[in-house]
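Spelled out, the chains give:
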Amino acid sequence: MADILHRVGVEHSSPQRVYDALTTLDGLSGWWAEKTTGDTGPGGIIEFRFGPGGIDMKVDELDPGRLVRWEVVDGPAEWIGTHVQFDIRQDGDWTVVLFRHEGWREPVEFMSHCSTKWATYLVSLKQLLETGTGAPDPRDLLISDWH
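Per-chain numbering applies: the sequence of each chain, read as written, is numbered from 1 onward. For a predicted model such as this one, the threshold for reporting local features is a pLDDT of at least 70, and the threshold for listing and counting side-chain atom pairs is 80 or more; totals across whole chains, interfaces and linings nevertheless cover every residue. Excluded from the side-chain calculation are hydrogens and water; included are all heavy atoms of the structure.

**Student:** I tried to follow the side chain of S13 on my own but got confused; where do I start?
**Tutor:** Checked against the element boundaries, S13 lands in the loop between strand 1 (2-11) and helix 1 (15-23). Relative accessible area serves as the criterion here: at 12%, S13 is assigned to the buried category. As used in this structure description, the phrase polar contact means that two N or O atoms lie within 3.5 Å; if the pair is within protein, one of them must be able to donate a hydrogen and the other to accept it, and residues adjacent in sequence are counted only when both atoms belong to side chains. Of the polar contacts made by the side chain of S13, one reaches the side chain of R17; its length is 3.3 Å. Here a residue-residue contact requires only that any non-hydrogen atoms of the pair lie within 4.5 Å. Sequence-distant contacts of S13, that is, excluding residues within four places in its chain, are made with V18, Q90, D93, T95 and L129. Strands here mean DSSP runs of E at least two residues long; helices mean DSSP runs of H or I at least four residues long; both are numbered from the N terminus. With a 1.4 Å probe rolled over the protein chains alone, any residue whose accessible area is under 20% of its type maximum counts as buried; one over 50% counts as exposed, and the rest are partly exposed.

**Student:** Quick question: what am I supposed to make of unusual backbone geometry here?
**Tutor:** Glycine aside, residues mostly have negative phi, and peptide bonds are mostly found in the trans state. Cis geometry marks the peptide bond from D137 to P138; its omega dihedral reads 15°. Residues other than glycine seldom take positive phi values, yet H12 does so here, at roughly 55°. Note on placement: H12 falls in the loop between strand 1 and helix 1. Positioned with a positive phi, H147 is a non-glycine residue whose angle comes to about 125°. Structurally, H147 can be placed in the segment after helix 3 (109-131). The exposure class assigned to H147 is partly exposed, which follows from its relative accessible area of 21%.

**Student:** Any chance you could explain the environment of W32 here in plain terms?
**Tutor:** In this fold, W32 is placed in the loop between helix 2 (25-31) and strand 2 (35-38). Under the relative-accessibility criterion, W32 is labelled buried at 2%. The contacts of W32, once residues within four sequence positions are left out, are F48, F50, I55, M57, W70, W79, W118, Y121, P136 and D137.

**Student:** Can you help me understand the pairing of strand 3 (residues 45-50) in this one?
**Tutor:** Every regular strand shows the same layout, with side chains that alternate between the two sheet faces. Residues I46, F48 and F50 line the buried face of strand 3, whereas the alternating positions I45, E47 and R49 sit on a face that is not buried. Here strand 2 folds back onto strand 3 in antiparallel fashion, the turn holding six residues, of which G43 has a positive phi close to 85°. Here the rule is simple: two strands pair whenever DSSP picks up at least two bridges between them. Linking strand 3 to strand 4 (residues 53-63), which pair antiparallel, is a turn of two residues.

**Student:** What should I look at first to understand the sheet that holds strand 5 (residues 67-74) in this one?
**Tutor:** Adjacent strands of a sheet form backbone hydrogen bonds with each other and so pair up, either parallel or antiparallel. Strands sit in the order 1-7-6-5-4-3-2 across an open sheet of seven strands; the sheet is antiparallel. Strands at the two margins of the open sheet, each flanked by one partner only, are strand 1 and strand 2. With direction set aside, neighbouring strand axes in the sheet form an average angle of 20°. Two elements, strand 2 and strand 3, share four bridges in a ladder whose sense is antiparallel. Across the sheet, T37 pairs through a bridge with E47, a residue of strand 3. Convention adopted: a line fitted to C-alpha atoms gives each axis, helices being fitted over their contacting stretch, and angles between N-to-C directions are expressed from 0 to 180 degrees. Sitting on the sheet, helix 1 touches strand 1, strand 4, strand 5, strand 6 (83-91) and strand 7 (94-104), and the angle it makes with strand 6 is about 160°. Set on the sheet, helix 3 makes contact with strand 1, strand 3, strand 6 and strand 7; between it and strand 1 the angle comes to about 15°.

Written out as structure tokens, the structure reads:
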């Protein structure tokens, strides 16, 4: 199995503010996908809709200010059954987010694309928290002909 791993720091924020951006519809639509609906509570399903399609995540685990973990239950075939996790911690003036999209069956080209897209969306999360404006789909950075 293969995993996508990233680390991003948010300056002058708090773990709770980052957690809120990862666990509320307003927060998620502010950095990842403007068309976000569903239930963000434990066991709920969050539906993210993008230009080229959609992804449904089941909320697996929440630990306020520390952890958000989802299971992909619908979307691209390569994603189904994988898990997305955000570990959050304070480090001085920075809130650090350790991101992982784990459980890919093999490191295919689509995984490389998704790794780069996740990086752009994590920067969007950082921008949302630091400036008040993120770059969610459809205003996100177009990185290739795949989106």
